[in-house]
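Okay, here's what each chain looks like letter by letter:
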Amino acid sequence: MATATATCPSCESNVALDAAPRQHEIVECGDCHSELEVLSLDPVLLAMAPEVEEDWGE
């Protein structure tokens, strides 16, 4: 199965993605272990994933 690749915005290494990545999917960089979000599909563009914030039931 073919995979797509994109550049990690944190360490600039290549990140291998599934053959059909989904927009807003969260992936992990194999080198620096940063959580990344797929922003666009053509071309595949990654950005640092937003931090999940605690809502404390509000």
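Attention here is on the structure that accompanies the text. (Residues numbered from 1 in each chain as written. Predicted model: local features only at pLDDT ≥ 70, side-chain atom pairs only at ≥ 80, totals over all residues. Heavy atoms only, no water.)

A separate point is the overall build of the chain. Helices and strands together make up the secondary structure of the chain, namely zero helices and five strands. Helices (α) and strands (β) of the chain occur, in sequence order from the N terminus, as β-β-β-β-β. Projected onto its principal axes, the C-alpha positions of the chain cover 45 × 20 × 20 Å. Counting the 58 residues in the chain, one finds 29% classified as buried. For the chain, restricting intrachain contacts to residue pairs at least 6 apart in sequence, the fraction spanning at least 24 positions comes to 15%. When the accessible surface of the chain is totalled, it reaches about 4,400 Å², and 48% of it is carbon and sulfur. (Helix = DSSP H or I, 4+ residues; strand = E, 2+ residues; numbered from the N terminus. Buried < 20%, exposed > 50% of the residue type's maximum accessible area, 1.4 Å probe, protein only. Contact = heavy atoms within 4.5 Å. Areas by Shrake-Rupley, 256 points an atom, 1.4 Å probe, with all protein chains shown as cover.)

Strand order across the open sheet formed by three strands is E3-E4-E5, with antiparallel pairing between neighbours. Strand pairing shows two members of the sheet lacking a second neighbour, strand E3 (26-28) and strand E5 (44-48), which therefore form its edges. Recorded for the sheet is a direction-independent mean angle of 45 degrees between the axes of neighbouring strands. The pairing of E3 with strand E4 (residues 35-41) spans three bridges and is antiparallel. Its bridge partner being in E4, valine 27 is matched across the sheet by leucine 36. (Pairing = 2+ DSSP bridges. Axes fitted to C-alpha atoms, helices over the stretch in contact; angles between N-to-C directions.)

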